[in-house]
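If you want the building blocks of each chain, they are given just below.
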Amino acid sequence: MTDGADAFASAVGIKRPALVVLLDEEQAYLEGFILGLRADARSFPSGVPVLPSNAPLSVEKRLRLNGLLAGLFSRDWSDAAPSTGMQASVKEKCNEGILMLWSSQTGTAEELAKRCAADLAEHGLKIRLTCMEDCTAEALSRENLLLIVTSTFGDGDAPDNGAAFWQGLQNSKTALPELGFAVLALGDSSYGEFCGFGRRIDETLEALGARRLVPRTDCDGDGEDKVDGWLDGLIGALTAEDPNPPKMAPVARPAFAPVSSPARDLLQRVRLIRNLRLNATGSAKETRQIGFDLRDTGLDYETGDALGIRPRNCPDLVAEILEAAGLSAQKAVDVADVGEMSLTEALTDHFEIARITPDFLRFVAERTKDETLNALLHRDSKAAREKWLWGRQVADVLAEHRLDVDAGDFLSSLKRLQPRLYSISSSPRAHAGEVHLTVSTVRYAHQGRSRHGVCSAFLADRAEQTGASIFVRPAPAFRLPTDGDRPVVMIGPGTGVAPFRGFLADRAATGATGRNWLFFGEQHESTDFYYREELVDWQRSGVLTRLDTAFSRDSADKVYVQDRMLEQGADLWRWLEEDASIYVCGDASRMARDVDAALKSIVAEHGRMTGENAAEYVSRLSREKRYLRDVY
């Protein structure tokens, strides 16, 4: 083919293609890429290996190398035998139906998947919308087209209803060359593993030979444009006769509010009527019961739901940031979708000015050329980045790295202020006209400067004077059993007790006869036993059948709720076999993992099962909606 290649080069005016000169890190990456190609037993009969967009190469080098790969691997010539894979009409495959899987911990991704499915159906596409837990990885070999809408749980993990599918996909050895796919991932860009589960799904499907219909889209809370862009590209790919269609014009569709924005919910201004510190004098913690008046608001909720709060930033922090950035408080700025206002108002009500996001860190690094900041931005620097970020806020970075920027550029580096969700700790049947929260107030000092949480401090210090804007976020996947006779086990250390106060109040108000068992833990019994009097009263009345507590700082050996579970393992196993539902609420990063491990250990020991069978038993509890988690 040398003569043909030379003729082609001459025809397009390329006399001698330039060699690609590689830096050390670029060469190291490509060496690994080549090893991957050689280790992959699959051939590429109808596809071309492509360097990913995050490869540590300049755009020009990446294009040149991808062109080289196309020249080496592409064989779509006119005299070649037609492929039965994705070179068949995508539109023809659409007629066979498109599988759309969703996976969601709180319901947000499920709602978005329904919206996307409806939008695609309006363009004549047949969509089969299914929860990820109802599909197996093996079933993908029988599919032609797959769309995935998923959130990320914890530190890049699968949501509960996606865990079994993900495990199967990771272990799958079945190549999927006939499968076209697209992934829409939801996440919070404030965290290091932003959209981590969606990214892993996308990469794994590619590794199994499936072909992307459109690039994966990672959607933050305020990513309306990204969602619409993903849909536009997908509709173009799925409805075009030409397998390489021209870029499609944007599709007109109704405005779509950001998936975590209160605009899509019934936002109401309410009066704060309860602000009680739950810790006794001497506690190292500040946990508060917050209550709002719901009368005449039209807001309704069920036990297990969450309450969204639209916070306002602290005026002192706004002033500190303006001074550190050298910006005028009264500078007029235009905030997208809101309008013109002073910079002070914008920073107070519309932008995240406490938590440092990767985008803000990148903004500072690019303008200061600081090598330390640049190094922290590398993907393999996660541990170092988290250590450096610990305790720091935007104001601290501005104080350490003076910038000369205008107001517009500065605002472009900040994430839009998002509502905060809190588990509701009341029952509409027991606390008519009110809604209660259990909130841990975040306060600390960094390098001599006072720092605090955005929403928790707003509720504790200022909401009583200003009121608050709230909305209800339904949580249909975290409800009490409809059968009031069913036993319930609740595991909620710290503020994780919040929904279970509501559960117990509800069971008392409805006269449910099912037994109730609560595991609660905190630091000290004398100062941190939240809702002690209520819990004792429920014990006396028979509503709360069992109460096991773990106060970690009251003994030489720290004891946690998972330790109490293991101590009571025989009884807990008996409750499970008697059809009990088990609920967990609280910290996702450690507590939820430890509780899950303890539960599997109890099932293995007292159910006399292997570890694998115990894990399947717990997984079945989840599929049967008897193991439910509200973790964050």
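These figures come from a predicted structure and were not determined experimentally.

Asker: How should I be thinking about the side chain of Ser552 in this particular structure?
Answerer: The topology assignment puts Ser552 in the loop between strand 19 (546–551) and helix 20 (561–567). Its relative accessible area of 4% is what places Ser552 among the buried residues. In this structure the side chain of Ser552 is engaged in a polar contact, spanning 2.8 Å, whose partner is the side chain of Arg553. Not counting chain neighbours up to four residues away, the residues in contact with Ser552 comprise Glu522, Gln523, Lys558, Val559 and Tyr560.

Asker: Sorry, what's going on with the packing of helix 21 (residues 569–577) against helix 22 (residues 591–606) here?
Answerer: To characterise two packed helices, one gives the angle between the axes of the helices and the distance between these axes. Contact pair helix 21 / helix 22: the axes reach a minimum separation of 9 Å and the direction vectors enclose 85°. The orientation of helix 21 with respect to helix 22, classified from their angle, is roughly perpendicular. Across from Gly569, Ala570, Leu572, Trp573 and Leu576 in helix 21, the residues of helix 22 making contact are Leu599, Ile602, Val603 and His606. For the contact of helix 21 with helix 22, the residue count by class is 7 nonpolar, 2 polar and no charged.

Asker: For this particular structure, what's the right way to read the sheet that holds strand 18 (residues 516–522)?
Answerer: Within a sheet, neighbouring strands are paired by backbone hydrogen bonds and run either parallel or antiparallel to one another. As summarised here, the arrangement of the 5 strands in space is 19-18-17-20-21, forming an open sheet in which the pairing is parallel. Because the sheet does not close on itself, it has two edges, and the strands there are strand 19 and strand 21 (627–631). Strand after strand, the sheet turns through a mean of 10° between neighbouring axes, direction not considered. Examined bridge by bridge, strand 18 and strand 19 share 6 bridges and lie parallel to one another. Bridged to Trp517 within strand 19 is Arg546.

Asker: Looking at this structure, I do not really get the environment of Ser555. What am I missing?
Answerer: Within the secondary structure, Ser555 is located in the loop between strand 19 and helix 20. Exposure remark for Ser555: the relative accessible area of 37% places this residue in the partly exposed category. Measuring from C-alpha to C-alpha, the distance between Ser555 and His524 comes to 9.5 Å, with 31 residues separating the pair along the chain. Only 2.6 Å separates the side chain of Ser555 from the backbone oxygen of Asp557, close enough to count as a polar contact.

Asker: Even after reading the chapter, I still don't get the pattern of salt bridges, so can you show me in this structure?
Answerer: Counted under the stated rule, the structure contains 43 salt bridges. The closest approach of N and O atoms between Arg288 and Glu286, which form a salt bridge, is 2.8 Å. Several salt bridges converge on common partners, so that one network encompasses Asp202, Glu206, Arg212, Arg216 and Asp218.

Asker: Help me understand the packing of aromatic side chains, please; the structure alone is not making it clear to me.
Answerer: Where two aromatic rings form a pair, the distance of their centres and the angle of their planes describe that pair. By the definition in use, this model includes 15 aromatic pairs. Here the aromatic rings of Phe500 and Phe503 are separated by 5.7 Å at their centres, their planes lie at 70°, and the arrangement is edge-to-face. Taken together, the positions of Phe500 and Phe503, both in helix 17 (residues 498–510) and 3 residues apart, correspond to about one turn of that helix. Classification of Phe500 by relative accessible area gives buried; the value is 0%.

Asker: Explanation requested: the side chain of Ser425 in the structure shown.
Answerer: With respect to the secondary-structure elements, Ser425 resides in the loop between strand 12 (420–423) and strand 13 (434–440). Side-chain polar atoms of Ser425 contact the backbone nitrogen of Leu437, separated by 3.5 Å. When sequence neighbours within four positions are dropped, the list of residues in contact with Ser425 reads His436, Leu437, Thr438, Ala498, Arg501, Gly502 and Tyr531.

Asker: What exactly am I supposed to notice about the sheet that holds strand 12 here?
Answerer: On the basis of which strands lie adjacent, the open sheet formed by 6 strands has the order 12-9-16-7-8-13 and antiparallel pairing. Unpaired on one side and paired on the other, strand 12 and strand 13 mark the two borders of the sheet. Adjacent strand axes in the sheet meet at a mean angle of 40° when their direction is disregarded. The sheet contact formed by strand 9 (residues 306–310) and strand 16 (residues 468–473) spans 5 bridges and is antiparallel. Within strand 16, the residue paired with Leu307 across the bridge is Val472.

Cut-offs used in this document
- Residues numbered from 1 in each chain as written.
- Predicted model: local features only at pLDDT ≥ 70, side-chain atom pairs only at ≥ 80, totals over all residues.
- Heavy atoms only, no water.
- Helix = DSSP H or I, 4+ residues; strand = E, 2+ residues; numbered from the N terminus.
- Buried < 20%, exposed > 50% of the residue type's maximum accessible area, 1.4 Å probe, protein only.
- Polar contact = N/O pair within 3.5 Å; in protein donor to acceptor, adjacent residues only side chain to side chain.
- Contact = heavy atoms within 4.5 Å.
- Axes fitted to C-alpha atoms, helices over the stretch in contact; angles between N-to-C directions.
- Parallel < 35°, antiparallel > 145°, perpendicular 65-115°, else oblique.
- Nonpolar A, V, L, I, M, F, W, Y, C, P; charged D, E, K, R; others polar.
- Pairing = 2+ DSSP bridges.
- Salt bridge = Lys/Arg side-chain N within 4 Å of Asp/Glu carboxyl O.
- Phe/Tyr/Trp six-rings, centres within 6.5 Å; stacked < 30°, edge-to-face > 60°.

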